[in-house]
Amino acid sequence: MKFKLSRCINGHMFNPSQYNGKCPFCGAFCGDMPNIQITKFTDLKMYGSTADLEEPIVGWLVCIMGVNFGKDYRIRCKKNLIGQSENMDISIEDDIGIGRKLYASISFDQENVSYIFTPEVAGTILHNAELASAPRELNYFDVLQIGMSKFIFVPLCSPSFYWKDWGKIHDANHDICTLSPFQRVNGWLVSIGGECPIGRDYRIINNKNFIGRSEEMDISIKDDKAIKRYYHASITFDQKERIFMVAPKNGHVWLNNKAVSTPKEIHIMDILQIGNSKFLFYSLSSTHFSWD
């Protein structure tokens, strides 16, 4: 008997008919996910971008143990310097085990679409519980221990998406966490076109996230005047079912180029148009990872 194998966005091969289109290794869907490859970051006419360009987001570190439990740190398309100082690209505050000066770095290799983690000082830095003393390639959901904190690595770029040219974890120390459960990141919207700067991410936290231009909104998208100031739409994360739902409220929303009139489930790599801007949806919480 022959099986038709598909590859999920994280490179895993599996039989989608056997697993209902969901990767058994990481929980990502294959289905009709778009294969987006931007060959020139400065040429984004295909997305109708009118905004100023920023260094795009290529991934995140999410703290799963330590004083910043639940907080995410942006990884951009360059060499990202890690330390406690606010001058670092990835500034990990309040961890006394991390020096203020350069402690480690994460570099994004544009040609090979890969991520390289490099310890920059002598010290105890662990990669998947092994001492890291030399540069190492990072893979989906790798765990880094830097100072007294642990981080899970979440890549945005993969064979299905990249900007070119430019099981559950329970060892978190909740007692010293400075973020409430309602501040922990569960996903992101990443701007890929329209009036918002390309590559900017917007955090999705627990429960219902209201979208609008006002700073009072959970997801404040200030650059797009076509977005209502208050309650344009919402994205809800169902912690029990591990699903995300998008719903219009006072404005229009499109999901994968189709107008949304009632709440719709969204999956990793779906494209949402809110106002005149387009966003790629990416989730952290799934059947493979949760904060519970």
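What counts and what doesn't
Residues numbered from 1 in each chain as written. Predicted model: local features only at pLDDT ≥ 70, side-chain atom pairs only at ≥ 80, totals over all residues. Heavy atoms only, no water. Helix = DSSP H or I, 4+ residues; strand = E, 2+ residues; numbered from the N terminus. Buried < 20%, exposed > 50% of the residue type's maximum accessible area, 1.4 Å probe, protein only. Areas by Shrake-Rupley, 256 points an atom, 1.4 Å probe, with all protein chains shown as cover. Core = buried A, V, L, I, M, F, W, Y, C linked by side-chain atoms within 4.5 Å. Pairing = 2+ DSSP bridges. Salt bridge = Lys/Arg side-chain N within 4 Å of Asp/Glu carboxyl O. Phe/Tyr/Trp six-rings, centres within 6.5 Å; stacked < 30°, edge-to-face > 60°. Contact = heavy atoms within 4.5 Å. Polar contact = N/O pair within 3.5 Å; in protein donor to acceptor, adjacent residues only side chain to side chain.

- In the annotation of an unreviewed UniProt entry, the entry for the chain reads Forkhead-associated protein, and the organism field reads Pseudobacteroides cellulosolvens ATCC 35603 = DSM 2933.

**A look at the overall build of the chain**
Okay, so step 1: A count of helices and strands for the chain gives zero helices and 26 strands.
Okay, so step 2: Out of the 292 residues belonging to the chain, those deemed buried represent 51%.
Okay, so step 3: For the chain, the exposed surface amounts to about 13,900 Å²; the carbon and sulfur share of it is 48%.

**So, the nonpolar core**
Okay, so step 1: Core analysis: the biggest nonpolar cluster contains 24 residues, and L61, I82, I106, F117 and I146 have the highest contact counts within it.
Okay, so step 2: Going through the elements one at a time, β4 (57–65), β5 (72–76), β8 (104–109), β9 (114–119), β13 (143–146) and β14 (149–155) are the ones with two or more residues in this core.
Okay, so step 3: With 21 residues, the next largest nonpolar core counts C196, A233, F244 and L272 among its residues.

**Observations regarding the sheet that holds strand β10 (residues 126–127)**
Okay, so step 1: Taken in spatial order, the six strands line up as β5-β4-β14-β13-β10-β11 in an open sheet, and their pairing is antiparallel. Looking at the sheet topology across the chains shown, the edges are occupied by β5 and β11 (130–131).
Okay, so step 2: Sheet analysis places β10 next to β13, joined by two bridges and oriented antiparallel. Each bridged residue has a counterpart across the sheet, and for L126 the counterpart in β13 is Q145.

**Observations concerning the environment of N257**
Okay, so step 1: Inspection of the secondary structure puts N257 in the loop between β22 (253–255) and β23 (258–259).
Okay, so step 2: Taking relative accessible area as the criterion, N257 reaches 65% and is therefore assigned exposed.
Okay, so step 3: Distance in space between the C-alpha atoms of N257 and D270 is 10.0 Å, their sequence separation being 13 residues.

**Quick notes on the pattern of salt bridges**
Okay, so step 1: One pass over the structure, following the stated rule, counts seven salt bridges.
Okay, so step 2: Across the salt bridge formed by R203 and D72, the nearest N and O atoms sit 2.3 Å from each other.
Okay, so step 3: A salt bridge links K79 to E120; its shortest N-O distance comes to 3.6 Å. Residue K79 is located in strand β6 (residues 79–83), and its partner E120 is located in the loop between β9 and β10; the two are separated by 41 residues in the primary sequence.

**Observations regarding the sheet that holds β22**
Hydrogen bonds along the backbone pair up the strands of a sheet, which may run parallel or antiparallel.
Okay, so step 1: In space, the six strands of this open sheet follow the order β17-β16-β26-β25-β22-β23, with antiparallel pairing throughout. Bordering the open sheet on either side are β17 (201–204) and β23, each of which pairs with just one other strand.
Okay, so step 2: The pairing of strand β16 (residues 187–193) with strand β26 (residues 277–283) spans six bridges and is classified as antiparallel. Opposite G187, over in β26, you have S283 as the bridge partner.

**What to know about unusual backbone geometry**
Okay, so step 1: One non-glycine residue with positive phi stands out, namely N128, at about 50°.
Okay, so step 2: Positionally, N128 belongs in the loop between β10 and β11.
Okay, so step 3: Owing to a relative accessible area of 38%, N128 belongs among the partly exposed residues under this scheme.
Okay, so step 4: A positive phi angle, near 65°, is found at F141, a position not held by glycine.
Okay, so step 5: Look at F141 and you get buried, because its relative accessible area is 11%.

**With respect to the pairing of β4**
Okay, so step 1: The buried fraction of β4 amounts to nine of the nine residues, a majority that puts the element mostly inside the structure.
Okay, so step 2: With five bridges joining them, β4 and β5 adopt antiparallel strand pairing. Looking at the pairing, W60 lines up with R74 of β5.

**Considering the packing of aromatic side chains**
Okay, so step 1: Evaluation of the coordinates by the stated rule reveals eleven aromatic pairs.
Okay, so step 2: Where F108 meets Y115, the ring centres are 5.0 Å apart and the plane angle is 55°; that geometry is what we call tilted.
Okay, so step 3: The class of Y115 is buried, set by a relative accessible area of 2%.
Okay, so step 4: Geometrically, the ring pair formed by Y115 and F153 is edge-to-face, given 4.9 Å between the ring centres and 70° between the ring planes. Residue Y115 is found in strand β9, and its partner F153 is found in strand β14; the two are separated by 38 residues along the sequence. Both residues of the pair, Y115 and F153, count as buried.
Okay, so step 5: Following the ring pairs from residue to residue traces out a cluster consisting of W60, W188 and Y282.

**Considerations on the environment of Q84**
Okay, so step 1: Residue placement: Q84 occurs in the loop between β6 and β7 (90–91).
Okay, so step 2: Between the alpha carbons of Q84 and I98 there is a distance of 6.1 Å; along the sequence they are 14 residues apart.
Okay, so step 3: Apart from the residues within four sequence positions on either side, Q84 is in contact with S91, I92, E93, D94, D95, I96, I98, G99 and R100.
Okay, so step 4: There is a polar contact of 2.9 Å between the side chain of Q84 and the backbone oxygen of D95.

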